[in-house]
Amino acid sequence: MERVFSGAQPTGNLHLGNYLGAIRNWVALQKDFECIFCVVDLHAITVWQEPNELRSNIRELAASMIASGIDPEKHVLFNQSQVSAHAELAWIFNCIARIGWLNRMTQFKEKAGKNRENASLGLYAYPSLMAADILAYKATHVPVGEDQKQHLELTRDIAIKFNNDFGVEFFPQPDPLILGPATRVMSLRDGSKKMSKSDASDMSRINMTDDADTLAKKIRKAKTDPEPLPSEAAGLEGRPEAKNLITIYAALTDANVSDVLVEHGGTQFSGFKQALTDVVVEKLAPITEEMARLKADNTYIDAVLAKGAERADAIAQPILKEVKEIVGFLNR
Ligand code: AQP
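What counts as what
Residues numbered from 1 in each chain as written. Predicted model: local features only at pLDDT ≥ 70, side-chain atom pairs only at ≥ 80, totals over all residues. Heavy atoms only, no water. Domains from an automatic or database assignment. Contact = heavy atoms within 4.5 Å. Buried area = accessible area lost by both parts, 1.4 Å probe. Polar contact = N/O pair within 3.5 Å; in protein donor to acceptor, adjacent residues only side chain to side chain. Helix = DSSP H or I, 4+ residues; strand = E, 2+ residues; numbered from the N terminus. Salt bridge = Lys/Arg side-chain N within 4 Å of Asp/Glu carboxyl O. Buried < 20%, exposed > 50% of the residue type's maximum accessible area, 1.4 Å probe, protein only. Axes fitted to C-alpha atoms, helices over the stretch in contact; angles between N-to-C directions. Left-handed = near helix turned anticlockwise from the far one by under 90°. Nonpolar A, V, L, I, M, F, W, Y, C, P; charged D, E, K, R; others polar. Near = heavy atom within 4 Å. Areas by Shrake-Rupley, 256 points an atom, 1.4 Å probe, with all protein chains shown as cover. 1 Å grid on protein atoms, 1.4 Å probe; cavity = no way out; pocket = protein on both sides within 12 Å on 5 of 7 lines; lining within 4 Å. Sits in = over half its atoms within 2 Å of the grid points. Points joined across faces, edges and corners; volume = space filled by probe spheres on them.

## Concerning the domain arrangement of the protein
Consideration 1: One can read the domain layout of the protein as domain 1 (3-182 + 298-327) and domain 2 (202-293).
Consideration 2: Computed over C-alpha atoms only, the centres of domain 1 and domain 2 are separated by 30 Å.
Consideration 3: Across the boundary between the two partners, domain 1 contributes 14 residues, which contact 14 residues of domain 2.
Consideration 4: Roughly 1,300 Å² is buried in total at the junction of domain 1 and domain 2, and carbon and sulfur atoms are behind 74% of that figure.
Consideration 5: Here domain 1 is connected to domain 2 by 3 residue pairs in polar contact (both at pLDDT 80 or more).
Consideration 6: No other element matches helix 3 (residues 51-68), which puts 5 residues into the side of domain 1 that touches domain 2.

Put into C-alpha cells, the structure is as follows:
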C-alpha cells in the first residue's frame, strides 16, 4: 500500500515556502494516497518554545493545514506528541543510526551555528525522530521541500540498517516527493538564504497570516537588482532574487518560469512586483480568512487533533509491536 507521511513544525510564522514547498503538494496528494499529516511538536522543542506560544502554534498550524485544503475526515491530521510510537521508535533508531551519519547533517550545522556545544541533544538527533515519524507508519512517500532531502536519505539508511541488522524485510525505503516549481523558496531579503520561520527579519518572509497591506509592503521592499527582467530563464542565472520572485509567481499561477518571462521579460521590477502582489493576495487571502475563522474555533481544532491522534495510534501501534518483537523486547 502506498502511504504518504509529512509534517511541519508548530514554530509560528508559517510562510509561503512552507505552503508552496510542502502544504500545497500535500493537498494534491490526498487524491491518490492514504495520507498522514502531522504537526511535529516534538521536533519543535529541539529549540526552546514558550509553552503558551507552542499551544497556540499547534492549533494555528492545524488550522492553516485545514484552511489550505487538508481533509481531516478522509486523511489523518494530528500532533506528534500525542502518539507515543514516535518517541519510542526514535529511541530505537537512535541506537541504529551512527554518530558519523548525523555529523553530516547540514541542517544541524546551520541551526546549531557556532554555538554547537550549547545546542540541545534533541536538535542533533532530530533526523532520527524524523525517521521514526515516517517509518512508524511504514510510509512509502514523503513530500518535502528540498531542505529535507538529506534527512530523507538518512531515513532510508536507518530503514536499511534496521532490516540488515535484524535480518528482516520490515521497513520500506520511503521516497522523497520534491514537487512543484517552488521546492526552495528564498528569503525576500537575501536570495541565497531559504525563506525561514526562524529568520529574525519578518520582512524576509511572506507569512500565511499577513494581510494585503503587509504583503504589498514586503514585496515592494523585496531585494532585487537594477536590471530589467530577462526574457528567458537562462537570464536568471546569477540573479537569485529575481529568480525567486519569478519562481513564486510561476508557482502561484501554475505557470512555468519561461511563460512568466515571456509575459514580463524586459519590464522593470516595480511593475512586476505589483503583479506579484496581486497574485499573492488573490491566492493567499481565502486561506488566511479561513485560517482566522478556524483559529477562533479551538473546540473544533482540538477535536480534529484528538481524533487524528487516535487514528494515527491505531496504525502505528501494531507496527511498533512488531518492531519490539524483532528487537527482542517482546516474545514473538
Ligand atoms: N523556504 C522553503 N521553500 C520550500 N519548502 C520549504 N519548507 C520549509 N522552508 C521551505 C518545507 O516546509 C515543510 C515544513 O517545514 P518545517 O516546519 O519542518 O520547517 P523547516 O523545514 O525547518 O523550515 P522553516 O519552516 O523555515 O523553519 P525553520 O526556520 O525553523 O528552519 C518541510 O517539508 C520543508 O521542506
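Text resumes after the structure shown.
## Remarks on the pattern of salt bridges
Consideration 1: Taken as a whole and judged by the stated rule, the model has 17 salt bridges.
Consideration 2: Taking the shortest distance from any N to any O, the salt bridge between E34 and R3 comes out at 3.0 Å. Placement of the pair is E34 in strand 2 (residues 34-39) and R3 in strand 1 (residues 3-8), with a sequence separation of 31 residues.
Consideration 3: The class for R3 is buried, based on a relative accessible area of 10%.
Consideration 4: The partner of D199 in a salt bridge is K193, and the shortest N-O contact between them spans 3.4 Å.
Consideration 5: A relative accessible area of 15% places D199 in the buried class.
Consideration 6: A relative accessible area of 41% places K193 in the partly exposed class.

## Looking at the packing of helix 10 (residues 240-253) against helix 12 (residues 269-295)
Consideration 1: Direction vectors running N to C along helix 10 and helix 12 enclose 40 degrees, while the axes themselves pass 10 Å from each other. Relative to helix 12, the crossing made by helix 10 is left-handed. Each of A242, L245, I246, I248, Y249, L252 and T253 in helix 10 lies in contact with helix 12, whose residues at this interface are F269, F272, K273, A275, L276, V279, V280 and K283.
Consideration 2: Looking at the contact of helix 10 with helix 12 residue by residue, the class counts come to 12 nonpolar, 1 polar and 2 charged.

## Thoughts on the site of the ligand
Consideration 1: Near the ligand lie 22 residues; those nearest to it are D147, K194, S196, K197 and S198.
Consideration 2: For the ligand, the accessible surface in isolation is 630 Å², of which the surrounding protein chains cover 96%.
Consideration 3: Taking a 2 Å distance to the grid points as the criterion, the majority of the atoms of the ligand fall inside the largest pocket.
Consideration 4: Looking at which element gives the most residues to the shell around the ligand, the answer is helix 1 (residues 16-29), with 4 residues.
Consideration 5: Across the shell around the ligand, the residue classes tally to 6 nonpolar, 11 polar and 5 charged.

## Regarding the environment of E169
Consideration 1: Assignment of secondary structure puts E169 in the loop between helix 8 (149-166) and strand 5 (175-177).
Consideration 2: E169 sits 10 residues away from A159 along the chain, and the two C-alpha atoms are 9.4 Å apart.

## A word on empty space enclosed by the protein
Consideration 1: Throughout the structure, instances matching the rule amount to 2 cavities of 30 Å³ or more.
Consideration 2: Empty space within the largest cavity amounts to approximately 60 Å³.
Consideration 3: Looking at the lining of the largest cavity element by element, the count peaks at 4 residues for helix 3.
Consideration 4: Of the residues belonging to the lining of the largest cavity, the class tally is 4 nonpolar, 5 polar and 2 charged.
Consideration 5: Its boundaries defined by the atoms lining it, the second largest cavity holds a volume of some 40 Å³.
Consideration 6: Around the second largest cavity sit Q107, F108, K111, L123, Y126, P127 and H151, which together line it.
Consideration 7: Where the lining of the second largest cavity is concerned, the elements lending two or more residues are helix 6 (106-112) and helix 7 (121-135).

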